Amino acid sequence: MQEKLRSADLLEALDISVVIPVYNAVKYLRETVESVVENVCVKEIVAVDDCSEDGSFELLCELCNEFPTLKAYKTDRNRGAGYARNTGLGKASGKYIAFLDADDLICKGALDKALASAKGCPDVVYSRTYVCFCKSGRRENTYIPYPYPSFQSDAERRRFLLQKQPAMWCCLYSREFIDRCGLFFPDDLRMCEDNFWSFTVALQMQTYAEYPAPIIMHRITENSLSQSRNDMSHFDTMSVAERGWEYVRKRGWYWDMKDETDLWYFYSCCVHSLGEIKHKFDTVPDKIVLEIRKRIKQRIPRIMKNKYMLQHEKGERREYGMLIRFPRLYCLLLKARKKNAKVL
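Okay, so let's go over this structure.

Things to note about the overall build of the protein
On a plain count of helices and strands, the protein comes out with 13 helices and 11 strands. For 344 residues, the compact-globule estimate of 2.2 N^0.38 gives 20 Å, and the protein sits close to it at 21 Å. Referenced to the eigenvectors of the C-alpha coordinate spread, the extents of the protein come out at roughly 65 × 50 × 35 Å. Taken across its 344 residues, the protein has 53% of its residues classed as buried. Residue pairs at least 24 apart in sequence account for 79% of intrachain contacts in the protein once pairs closer than 6 positions are excluded. Accessible surface computed for the protein: about 16800 Å², of which carbon and sulfur atoms make up 49%.

Written as structure tokens, this is what we have:
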């Protein structure tokens, strides 16, 4: 790998800052940091502790003595991963930025290899795959089925990329691109702040290069925030949907990509939220279901006529139609399903 990066000019022109938000990750921090420092192109690791209670910041300070490229910061109070990433982004000085969760790992040599793919300094170097691992084993997931093609217009590119967004932690981002487009993470959300980042990146990126292998290994743990039960923060995705909708409208893009925007809003506000209710809540929060239906009626009243929605199976369309036309009956249906699931 060092042969690919032997040019001093390349290393000077293309260096990476890895931003890591940290909260109660003392169990994984050393392994995470070690997976990053194995890459010769990493200029710095910017770790921002969000007021951990398990000694994570103290361990970071110790690791700083061991790894000179590691820099540790701490927020004044617990504010969430979005605020920690924004803080790290403000401290980072690399020409390319990568984001890594404190319990995840960089695949061996992946940053070096991905950087070598960045010919011409594209806005984004993306990977279509990532590795999931837990105690029972690991698997490679492909979340974008094929490489991004070339496009005839900006509108065509935005329509396509809105449906196949690059995941936040599977990319390298040009610092110039981030600053030019004013990209940031919503710092008032506890969850789904990375969804807004990926949404804005997909709409703004103009040049990109594919790295044809996984960059990160995503650790699945029972104690992670995303796996928490009965936590209303799971519905932060509804706020992301509203902000994304306004983002498109304010830039005058809506009518060029109406079907794609409406479908994205529907999935972010409705499908994702209903999935959380089905799998991560012991009871059905009726107020949330009614709020979902209200937002659909206000924003996308003709969603069932959407050209992409018409491609769904009849069973799915029937269920979503019930939510829109008979929301209280739909709540009873969800409750009955949960009751039957518990009995089984």
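With respect to the sheet that holds strand E9 (residues 171–174)
Taking strand neighbours across the sheet as the criterion, the 7 strands line up as E3-E2-E1-E4-E9-E6-E10 in an open arrangement whose pairing is mixed. Each end of this open sheet is capped by a strand with a single partner; those strands are strand E3 (70–74) and strand E10 (208–210). On average, each strand axis in the sheet is inclined to that of its neighbour by 20 degrees, with strand direction left out of account. Alignment of strand E1 (residues 16–22) against strand E4 (residues 96–99), held across 4 bridges, turns out to be parallel. Paired with Val18 across the bridge in E4 is Ala98.

Details of the side chain of Thr32
Structurally, Thr32 can be placed in helix H2 (residues 29–37). Judged by its relative accessible area of 0%, Thr32 is buried. Among the polar contacts made by the side chain of Thr32, one reaches the main-chain carbonyl oxygen of Ala102 at a distance of 2.7 Å. In contact with Thr32, other than residues within four places in its own chain, are Ile20, Leu100, Asp101, Ala102, Asp103, Asp104 and Leu105.

Conventions used here
- Residues numbered from 1 in each chain as written.
- Predicted model: local features only at pLDDT ≥ 70, side-chain atom pairs only at ≥ 80, totals over all residues.
- Heavy atoms only, no water.
- Helix = DSSP H or I, 4+ residues; strand = E, 2+ residues; numbered from the N terminus.
- Rg over C-alpha atoms; globule rule 2.2 N^0.38 Å.
- Buried < 20%, exposed > 50% of the residue type's maximum accessible area, 1.4 Å probe, protein only.
- Contact = heavy atoms within 4.5 Å.
- Areas by Shrake-Rupley, 256 points an atom, 1.4 Å probe, with all protein chains shown as cover.
- Pairing = 2+ DSSP bridges.
- Axes fitted to C-alpha atoms, helices over the stretch in contact; angles between N-to-C directions.
- Polar contact = N/O pair within 3.5 Å; in protein donor to acceptor, adjacent residues only side chain to side chain.

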